[in-house]
Every structure is written in structure tokens, then in C-alpha cells.
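# Per-entry structural report
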Amino acid sequence: MSKSRTISWVLLIAAIGAAGYFGWQKYAGDKLAAEAAQKRAAVRPPVPVKIAPVEKADFPVYLTGLGTVQGFNTVQVRTRVDGQIIRIAFQEGQFVKEGDTLVEIDPRPYQAALDQAKAKRTQDEANLANANLDLQRTTKLGEYATRQLLDTQRSTVAQLTAQIAADEAAITNAQTQLDYTSIKSPISGVAGLRQVDIGNIVNAATQTGIVSIAQIEPIAVIFTAPEDQLPDIKAALAVAPPKTIALTTDGKRVLSTGTLALINNQVDTTSGTIRLKAVFDNKDHALWPGQSVSTRLLVRTLQGATVVPDDAVQHGTDGLYAYSVNQENKAELRRIKVSQSIDGKSVIEEGLSPGQQVITSGQYKVSPGTLVTTAVASSDQPQAKVKQE
């Protein structure tokens, strides 16, 4: 029993000694690892990032929408007389000026009618001259001419004078009909696809046109805006016609810049929107009738707003934030509130102040307190669509 007890004590003491040894080894190893980590952290190089200043600037507020380009005036050219087309004087897609000849109709029947009216006037003028002579002769007879004969002769002169006036009207009408055989453009614009060919018979009673002319200098864009924005739009229009920008449907390229011309006289109750019309000079013909465009309507300008590049704004689980760089070149996390954003710039309502520096590139390698080395970000920002937070 004594020997067995001695062996048990020896084994227990050995186990305790082994556990203490291994525990000491682990503690020493963890301590060495922590010291090594601290040393590595102490010599960790600064994280390279790009920064940009928080600026104080005037910031334009735009309403965005989708619109359709329309010709400022569009005319369906039709004939006003019947006849056969003998000449087409325009090319499809050609820019025509007001008064340019488009189509000529066979003028011979109308020229004959004009000549006939002129001949009738000449005949009646001759009869009037003879009646005037008869009146003069009758008047010279004095008391030898009966009163009835004198009155009859005067009536004949008056009738022939009125007939000549009717002949003048007939000549004017015949000349007008002859002029209608040469169909001219009523406006300046682009000619569309023609609906007739040489040799076709056209009739004034038919609804089929000859060609459509669309005025594109200036040109109009019809677009919509939410009805709750109507007060802002009316306020801007009361001061001056608000600036309106037409862009490609992807919002990446500006096509033309114009002004808002009018607000429709009622709101569309089914969609809750109001139709607007903007006018563009369109000297370069960048806008074309029927084209779909993205629109921006300037409703107001925020004076002295706090502005940062969009790249500085980060999205987190707790909302929007940005990293600023303090005087020690260390990153600081700032909770921010954004009110407007357009063309790569955002308006900051809370969290940043003008004059601070914010990180615009390399945030994924940064945490609060990280030492950074900075480079100034390029001022060229890609064009982006307008959005509101």
C-alpha cells in the first residue's frame, strides 16, 4: 500500500509539473506573438488614398424626367386644286425654306380659266365704253330725250361697271387657283417621306397629303414632372424661363440646352404628373422629332452649399458615412446626411464642413485611426444622372 501510494504521488507530481510546463510555454508564446504583432503594427506603413476638399459652392437643383422631341411646327402639305403632278422639286429629308416650291401641278386648265376671265373683262370694258358714249349722246339731246331713255342708259352703264368689278374678282380667283398649282412650303423645316410621285392625280378633297414638313429650328421637347413639384416650377418660371437640358436617354451626353416655355393647363390625374414644354434653338440639329430624351429642369440653386465628390460618400449598415483626414494624417469616420447629388457632386447637410479633406479612393483599406498617405484626386468627374436622397 505504501509503495502504491508513493507511485501515485510521483505520477501526480509529474502530471502537475508537465501541465505547468506546457501552460508556461503557451503563455510565453502568446506574449511573444502579441509583442510581435504590436511591433508589426508600429511599423505598418501608411495606407495610400486619394483625397478631395470639402467645398462651399452654389449647387444647381434639377428635376429629371423623360421627354419626346416634337417639331415646333408640323405641317401636312396638301393640294388645294385638282390636277396631275408634273414636277417634284424637293428631296426627301431635305431642309426646305418657307416659300420653296415643293410640287408643281399641270397649270394649263387654270391658265385657260384665267385667260377666259381676262377676255370677259375686256369684252365688258368695251361694252361699258359704248354704253358711256350712248349716255353722253342721250344727255346731249336734252329735252328731246325722254327721261326713261336717259335713266335706262345710266342703268346700263352702272350694270356694266358692276360686271367689270365681277370680272376683276373672277380674274383674282383664277389667278389664285393658278398659283395653287405651284405648291410651296408654308414653313422652314425638314421634309419627310413624300406620298406622291410624278404623274399622280391629286385632289383637293382627299385627306392624303403630299409631304409633311417639321420645323426643327427651334424645336420643342414635351416632358413630365411630378405634380408635387409644380409650385417650385411655377416659382422658377415666374422669375425667368428656367434652364432646361436635353440629354441622351442614358443621361451621359448633353444634346442641347434650352428654356422652359410653358406648363400645361391641367395635371394628369391618372399619373399625377404635369406636362411641360421646353424650346431649344437646335442650330446643330442634335434634336430630332420623335426622339426620346432625358431632361433636366433647373428649379433652384442652393447658395453656399457644402459639396463633396460622390466617391467620398459611402453606404453602411448605419447609413451614409465618409472618411475625413485630420491634421495627423489619420482617417476619421464621419456620419453624414446627403440632400442632393448630380454630376459626381453631393450636397452634405450634416457631418462635414468646408475646408476638410475627405477620402475619395481607397476607403476599403481604411478604418478609423488608420494612418494614410494622401494624393489629390482628379477634379474630372464622370457625368451622372440626377438623384435625390
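All right, on to the overall build of the protein chain then. From N to C terminus, the protein chain includes four helices and 23 strands. Carbon and sulfur atoms provide 52% of the accessible area of the protein chain, an area that totals close to 23,300 Å².

This paragraph deals with the sheet that holds strand β3 (residues 74–77). Hydrogen bonds between backbone groups are what pair the strands of a sheet, and the pairing can be parallel or antiparallel. Taken in spatial order, the four strands line up as β3-β10-β8-β5 in an open sheet, and their pairing is antiparallel. The open sheet has two free edges, formed respectively by β3 and β5 (95–96), since each of these has just one partner strand. Where β3 meets strand β10 (residues 211–214), four bridges bridge the pair, whose relative direction is antiparallel. By the bridge assignment for β10, V75 is matched with I213.

As a further point, take unusual backbone geometry. Outside of glycine, negative phi angles account for most residues, and trans bonds account for most peptide bonds. Across the junction of E217 and P218, the peptide omega takes the value -5 degrees, indicating a cis bond. Position of P218 among the secondary structure elements: in the loop between β10 and β11 (219–226). One non-glycine residue, H285, lies in the positive phi region at around 60 degrees. Along the chain, H285 turns up in the loop between β14 (273–280) and β15 (292–309). Of the residues examined, H285 reaches a relative accessible area of 29% and is grouped as partly exposed. One non-glycine residue, N329, adopts positive backbone phi at about 60 degrees. Here N329 shows up in the loop between β17 (319–325) and β18 (331–335). Among the residues examined, N329 registers a relative accessible area of 34% and is labelled partly exposed.

This part covers the pattern of salt bridges. Counted according to the given criterion, the structure contains 11 salt bridges. The salt bridge partner of D124 is K120, with a shortest N-O separation of 2.7 Å. With a gap of four residues between them, D124 and K120 both fall in helix α2 (residues 108–141), about one helical turn apart. Residue classification places D124 among the buried residues on the basis of a relative accessible area of 4%. Among the salt bridges present, the one from R300 reaches D232, with a minimum N-O distance of 3.8 Å. Pair noted here: R300 is in strand β15 and D232 is in helix α4 (residues 230–239), with a separation of 68 residues, a long-range link. Judged by relative accessible area, which is 31%, D232 ranks as partly exposed.

It is worth spelling out the side chain of D310 at this point. Mapped onto the secondary structure, D310 falls in the loop between β15 and β16 (314–316). Ignoring anything within four residues of it in the chain, the contact list for D310 reads S341, G344, K345 and S346.

Our focus in this paragraph is the packing of aromatic side chains. Here the structure, examined in full by the defined rule, presents one aromatic pair. Taking the centre distance of 5.8 Å and the plane angle of 85 degrees together, the rings of Y321 and Y323 count as edge-to-face. Comparing Y321 with Y323 shows no difference in burial state: the two are buried. One Lys or Arg, K277, reaches over the ring of F72 and ends 5.2 Å from the middle of that ring.

Membership of the largest hydrophobic core comes to 23 residues, with the highest contact counts inside it found for F90, L102, V103, V211 and I213. For this core, the elements supplying multiple residues, two or more each, are β4 (83–88), β6 (101–105), α2, α3 (147–179) and β10. Sequence-distant contacts of L102, that is, excluding residues within four places in its chain, are made with V77, R87, I88, A89, F90, V96, I183, K184, S185, V211 and I213.

Let's shift gears to the sheet that holds strand β9 (residues 201–202). With antiparallel pairing, the four strands of this open sheet are ordered in space as β7-β6-β4-β9. The sheet is open, and its two edges are formed by β7 (182–184) and β9, each paired on a single side. With two bridges connecting them, β4 and β9 associate as antiparallel partners. Pairing of Q84 across the sheet is with I201, part of β9.

Cut-offs applied
- Residues numbered from 1 in each chain as written.
- Predicted model: local features only at pLDDT ≥ 70, side-chain atom pairs only at ≥ 80, totals over all residues.
- Heavy atoms only, no water.
- Helix = DSSP H or I, 4+ residues; strand = E, 2+ residues; numbered from the N terminus.
- Areas by Shrake-Rupley, 256 points an atom, 1.4 Å probe, with all protein chains shown as cover.
- Pairing = 2+ DSSP bridges.
- Buried < 20%, exposed > 50% of the residue type's maximum accessible area, 1.4 Å probe, protein only.
- Salt bridge = Lys/Arg side-chain N within 4 Å of Asp/Glu carboxyl O.
- Contact = heavy atoms within 4.5 Å.
- Phe/Tyr/Trp six-rings, centres within 6.5 Å; stacked < 30°, edge-to-face > 60°.
- Lys NZ or Arg CZ within 6 Å of the ring centre and 35° of its normal.
- Core = buried A, V, L, I, M, F, W, Y, C linked by side-chain atoms within 4.5 Å.

Note that all results are geometric; they support no functional claim without further evidence.
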